[in-house]
Amino acid sequence: MPHVLQPSERERFKLTLNTDGRSHPMENALALAALGCGLVAFVSTFWISAHPISAWFGTLGFGVGLYSQYVSVTTPQRSLNIIGIVGSFVGAALGIAHGGFLPH
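About the cut-offs
Residues numbered from 1 in each chain as written. Predicted model: local features only at pLDDT ≥ 70, side-chain atom pairs only at ≥ 80, totals over all residues. Heavy atoms only, no water. Salt bridge = Lys/Arg side-chain N within 4 Å of Asp/Glu carboxyl O. Axes fitted to C-alpha atoms, helices over the stretch in contact; angles between N-to-C directions. Helix = DSSP H or I, 4+ residues; strand = E, 2+ residues; numbered from the N terminus. Parallel < 35°, antiparallel > 145°, perpendicular 65-115°, else oblique. Left-handed = near helix turned anticlockwise from the far one by under 90°. Contact = heavy atoms within 4.5 Å. Nonpolar A, V, L, I, M, F, W, Y, C, P; charged D, E, K, R; others polar. Expected span 1.5 Å × (residues − 1). Buried < 20%, exposed > 50% of the residue type's maximum accessible area, 1.4 Å probe, protein only.

A. Looking closely at the pattern of salt bridges. The full count for this structure, using the stated rule, is 1 salt bridge. The residue Asp20 makes a salt bridge to Arg22 at a minimum N-O spacing of 3.8 Å.

Here it is as structure tokens:
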């Protein structure tokens, strides 16, 4: 039982989108862009007067998220894509329902 007395040499937790060990800068940028658009679209739905922002960012984020999901390589990228796609869809739907793409 000598392994019980020795301190464990575990690797520190590292947050990364490249879990396969290779660099994917385009896929990472697309996943972060989809997430960012989804967050902006979703948060802007809380103000009805911001419906053009919700509608445009939601539509853009939905398209970027779908393409990003198509070219994604790793599971963390796919997770961010799904969060971004759902946020974009909700933002676009509520933005269109509150007044559409153009301000009143």
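Okay, back to it.
B. Broad picture of the packing of helix 2 (residues 25-43) against helix 4 (residues 75-98). Relative orientation of the contacting elements helix 2 and helix 4 amounts to 30°, with a least axis distance of 7 Å. Considering their axes alone, helix 2 and helix 4 lie roughly parallel with respect to each other. Here helix 2 runs over helix 4; the crossing is left-handed. Between helix 2 and helix 4, the residues in contact are Glu27, Asn28, Leu30, Ala31, Leu32, Ala34, Leu35, Cys37, Gly38, Ala41 and Phe42 and Gln77, Leu80, Asn81, Ile83, Gly84, Gly87, Ser88, Val90 and Gly91, respectively. Its residues placed into classes, the contact of helix 2 with helix 4 shows 11 nonpolar, 8 polar and 1 charged.

C. Expanded view of helix 4. Taking 1.5 Å of rise per residue, the 24 residues of helix 4 would be expected to cover 34 Å, and the 34 Å separating its terminal C-alpha atoms lies within 8% of that figure. For helix 4, the complete set of buried residues consists of Gln77, Leu80, Asn81, Gly84, Ile85, Gly87, Ser88, Gly91, Ala92 and Gly95. Of the surrounding elements, those touching the buried residues of helix 4 are helix 2 and helix 3 (51-71).

D. Spotlight on helix 3. When the terminal C-alpha atoms of helix 3 are compared, their 30 Å separation across 21 residues agrees well with the 30 Å that a helix rising 1.5 Å per residue should span. Of all the residues in helix 3, the buried ones are His51, Pro52, Ser54, Ala55, Gly58, Gly61, Val64, Gly65, Ser68 and Val71. If you follow the buried residues of helix 3, they end up packed against helix 2 and helix 4.

E. Here's a closer look at the packing of helix 3 against helix 4. Two elements in contact, helix 3 and helix 4, have axes whose closest approach is 7 Å; the angle formed by their N-to-C orientations is 150°. Put simply, helix 3 runs roughly antiparallel to helix 4. By crossing handedness, the relation of helix 3 to helix 4 is classed as left-handed. Every residue of helix 4 that contacts helix 3 at His51, Ser54, Ala55, Phe57, Gly58, Thr59, Gly61, Phe62, Gly65, Leu66, Ser68 and Gln69 is listed here: Arg78, Asn81, Ile82, Ile85, Ser88, Phe89, Gly91, Ala92, Gly95, Ile96 and His98. Residue composition of the contact of helix 3 with helix 4, by class: 9 nonpolar, 13 polar and 1 charged.

F. Layout of the environment of Thr75. Inspection of the secondary structure puts Thr75 in helix 4. A sequence separation of 55 residues divides Thr75 from Asp20, and the C-alpha atoms of the two residues are 9.5 Å apart.

G. Summary view of the side chain of Gln77. Summarising the element assignment, Gln77 is placed in helix 4. Setting aside its immediate chain neighbours within four residues, Gln77 contacts Leu17, Asn18, His24, Glu27, Asn28, Ala31 and Ser72.

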